[in-house]
Every structure is written in structure tokens, then in C-alpha cells.
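Here's the letter readout for the chains.
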Amino acid sequence: MKYLTEFRDGDLVQKLLAEIRAVVTRPWAMMEVCGGQTHSIIRNGIDQLLPPEIELIHGPGCPVCVTPLETIDKALAIAAQPDVIFCSFGDMLRVPGSDRDLFTVKSQGGDVRIVYSPLDAVKIARENPSKQVVFFGIGFETTAPANAMAVVQAKKQGLTNFSMLVSHVLVPPAIEALMSAPTNRVQAFLAAGHVCSVMGYWQYEPLAAQYHVPIVVTGFEPLDVLVGIHRVILQLEAGRADVENGYARAVQREGNVTAQRILAEVFEVCDRQWRGIGLIPQSGWQLNATYREFDAAVRFQVENVHTQESPLCQSGQVLQGLIKPNQCPAFGKECTPRKPLGATMVSSEGACAAYYNYGRFISVESIPS
């Protein structure tokens, strides 16, 4: 496939690896922000091909994984109500709540439907005026414009039976929280290319300056990831801390201004709980006053749902980069894709799922030297 296989060229991969080995002189730890990048790294064995001085730390860049448990429980409570059609992307249906998931609600008679766009849910609401239709709007900045447009369309069409359960999170505050933590080991970041295609990368420049941390906007194919790593290592070895764009075919500094305009119309910044991490101030979006009537949490009066994580699940430490998935005692035992304890084992972008699916059951630290 043109412009895809080119970014998986084995000869170019070896050339980039040789260049990385030639410049690295000391240990460095960098975090890939996006779960899609994590899966590319583990699937292609990139972390095993790199020189031992380079450690890749998996970050909280999986939108399903960081959706808080209490939000999942709110979704379950809404989906179980009569006369509700609950619409969601497929990757949310198996994410465990406190005692069940959306598939369980569906099996018990709830009208839970997989959609491929939030506008599908708007259409369902238009075609089912006697039902309340709720869309589960989660994700980072990448998915937010389409969700915002769905709410705008619902308002324009006068759909009083459409609402959205919103759990959007923002990348820059998460980076700031990680860098401010006393346990932080991250010395550089590979920023998520699809997020930056929407928001640009100008927001990262103050973070790079404040924390003296290189940030390189990075794509998702093997060569994309290696280009990002190479650029990061060059900066670290030179003592620089700049924001660079390693994904110029899709990202511009200012981002998608039209998308940003619709986001500003519909959403306002709020504090947000991150599953396994906790509260990060000003790290999310919620519907603003103009569109608050479409807030499903308010409409169905589930704002005060509070829950507790499984004590066996250490996904929070995985999401903060403190441990690798296979260092969790429950990994592959009490926690598997069939019986997950946390979202990181369910999501197609979850780090635990990547380690399980690609056979990383033994941590490097446990192998005798």
C-alpha cells in the first residue's frame, strides 16, 4: 500500500537503528504518550531493537484506559434504564465497571448499540423520537471535534431525546502532572501525532521550556516511531529541550483551526479524574452552558456516582509509567483479556493488552543475567 509500507521498510529501520546507536552515550528514559504508539512499539519489537541505554516508558495515552471507573458506572446505570438507546464505540463495551460491563447490560436486555460515528447516534435519535438516545463521548482531543459536531447537529435539529455522556481528557495537563510528580523518571516525550493534527503542538512549547524536556511529535508506523526516538536522543545528548515535528505529513504547528473553533463553541475546560491516576486539574472538557441540556449525566441524574478500583489492578502505575504491564502480579493470571480487571487489558490501545497479545509475559528485570 503506497505511503504505508514505505514506513515499514526493514532496511530503513536498520539504518535508523544504527544512527541511534551511534549517538547514544548514556541511559535515557522517554515516554510515548499514545497507546497506539505503544502497540506499534510492542508489535514490531522496537523496544527490543533499541540499544539498552534507551528505555521506553508507556504513558497514559489510551482514552479508554483513562476513562474513570465512576464514568463507566454512570454509563452502565444509564444504559440499563428502560426506553434508553445507549450508543458507544465498540472498544468501550468490554471495559469493566464495578460489577459488569456494557455487554452484560446488553445481554440483560439493555438497548446498547455500537456506532462508528457520534453522528450515527444523532441519526438514531432522529429515527426513534420515543427513546432517549445517549452517546458515550470519550477520548483525547482527537475524537472531540466529531463529538462536538454531533451535539451542534442535535441542537440544530431540535432533538430533545439526544444527550452525551462526556469524558474527554487533554494531553498537555497530563504531561505537566507527570513531570511534576516526585516519582517522575521521564526525560522526553514522543507526542501523539493524531492529537497534534487537531490541536497543533504550540501548547507543548511552554512545557518543554518549563521542565527542560524534549517533545517530538511522532506518528505510529515503525519508521515514524524510530524517527521520533532519534530526534529525542539527539536533543537529549545535546542538552536541548525543544518541540519538534516528526510527523509533518499530518501535523502543523497551529493544528486544525476549524476543529478548534467548534471545540471552543461546545466545550469548556474542567477538572477531570483519570482512571488509575486521580484528579488532574483543568485536564478535561465538559459541555458548556450553551449545550448543557445535552449532558447525559445531568439528564439522568448520575453525577454523584462514586466507585473504588480493584485492589489487584495496578493499571494506574502502568499508566503513570511506574511499572511495565508484566510487572503487575495479576497480569496474565487474575487479569486477562477474557476476564480483565482494568481497561488497560481491554482496550485496543491498552498497554496491558499489547503485552498480553504479543507475548510479553516476562519482564526484562526478572530474566537472570
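Because the structure is predicted, anything quoted here is derived from the model rather than measured.

Quick notes on the sheet that holds strand β1 (residues 28-32)
The strands making up a sheet associate through hydrogen bonds between their backbones, and the pairing can be parallel or antiparallel.
Moving on, step 1. Within the open sheet, the five strands sit side by side as β2-β1-β7-β8-β9. Their pairing is parallel. The sheet terminates laterally at β2 (54-58) and β9 (243-245), the two strands that pair on one side only. Pairwise comparison of adjacent strand axes, ignoring direction, gives a mean angle of 25 degrees for this sheet.
Moving on, step 2. Here strand β7 (residues 188-192) runs beside strand β8 (residues 215-218); their pairing, made up of four bridges, is parallel. Within β8, the residue paired with A192 across the bridge is T218.

Structural notes on the packing of helix α8 (residues 144-156) against helix α13 (residues 257-266)
Moving on, step 1. Across the interface, α8 lies against α13 with an axial gap of 9 Å and an inter-helix angle of 55 degrees. In terms of axis orientation, α8 runs oblique to α13. In terms of crossing hand, the pair formed by α8 and α13 is left-handed. For the pair α8 and α13, contact is made by A144, P145, A148, M149, V151 and V152 and by A259, I262, L263, E265 and V266, respectively.
Moving on, step 2. Taken together, the residues of the contact of α8 with α13 break down into ten nonpolar, no polar and one charged.

A look at the packing of helix α1 (residues 10-23) against helix α12 (residues 222-238)
Moving on, step 1. Where α1 meets α12, the axes come as close as 10 Å, and the angle between the chain directions of the two elements is 15 degrees. Comparing the axis directions of α1 and α12 gives the class roughly parallel. Handedness of the crossing formed by α1 with α12: left-handed. Where α1 abuts α12, its residues L12, V13, L16, L17, E19, I20 and V23 lie against L223, L226, V227, I229, H230, I233, L234 and E237.

Thoughts on the state of the cysteines
Moving on, step 1. As enumerated under the stated definition, the model contains one disulfide in all.
Moving on, step 2. Between the sulfur of C62 and that of C65 lies a disulfide, 2.4 Å long from S to S. Disulfide C62 to C65: torsion about the S-S bond roughly 70 degrees, handedness right-handed. C65 shares its class with C62; the two are buried.
Moving on, step 3. Looking at the unpaired C270, the closest cysteine sulfur is the one in C62, lying at 19 Å.
Moving on, step 4. Cysteine C352 remains unbridged, with the sulfur of C335 as its closest cysteine sulfur at 6.2 Å.

As for the layout of surface pockets
Moving on, step 1. When its volume is computed, the second largest pocket comes out at roughly 370 Å³.
Moving on, step 2. Taken together, 19 residues make up the lining of the second largest pocket; nearest its centre are K74, V166, R272, Q286 and A297.
Moving on, step 3. Contributing elements (two or more residues each) for the lining of the second largest pocket: α5 (69-79), β6 (162-169), β10 (267-274), β11 (278-287) and α14 (296-299).
Moving on, step 4. Broken down by element, the residue count for the lining of the second largest pocket peaks at four residues, all from β10.

Focus: the sheet that holds β10
Moving on, step 1. Strand order across the open sheet formed by six strands is β4-β3-β5-β6-β11-β10, with mixed pairing between neighbours. At either end of the open sheet lies a strand with only one pairing partner, and these are β4 (111-114) and β10. The average angle at which neighbouring strand axes cross in this sheet is 25 degrees, direction not considered.
Moving on, step 2. When strand β3 (residues 84-88) meets β4, the two strands line up parallel, connected through four bridges. Within β4, the residue paired with F86 across the bridge is V112.
Moving on, step 3. Taken strand by strand, helix α9 (residues 171-180) contacts β6, β10 and β11, and its axis lies near 175 degrees from that of β11.

Cut-off values and rules
- Residues numbered from 1 in each chain as written.
- Predicted model: local features only at pLDDT ≥ 70, side-chain atom pairs only at ≥ 80, totals over all residues.
- Heavy atoms only, no water.
- Pairing = 2+ DSSP bridges.
- Helix = DSSP H or I, 4+ residues; strand = E, 2+ residues; numbered from the N terminus.
- Axes fitted to C-alpha atoms, helices over the stretch in contact; angles between N-to-C directions.
- Parallel < 35°, antiparallel > 145°, perpendicular 65-115°, else oblique.
- Left-handed = near helix turned anticlockwise from the far one by under 90°.
- Contact = heavy atoms within 4.5 Å.
- Nonpolar A, V, L, I, M, F, W, Y, C, P; charged D, E, K, R; others polar.
- Disulfide = S-S within 2.5 Å.
- Buried < 20%, exposed > 50% of the residue type's maximum accessible area, 1.4 Å probe, protein only.
- 1 Å grid on protein atoms, 1.4 Å probe; cavity = no way out; pocket = protein on both sides within 12 Å on 5 of 7 lines; lining within 4 Å.
- Points joined across faces, edges and corners; volume = space filled by probe spheres on them.

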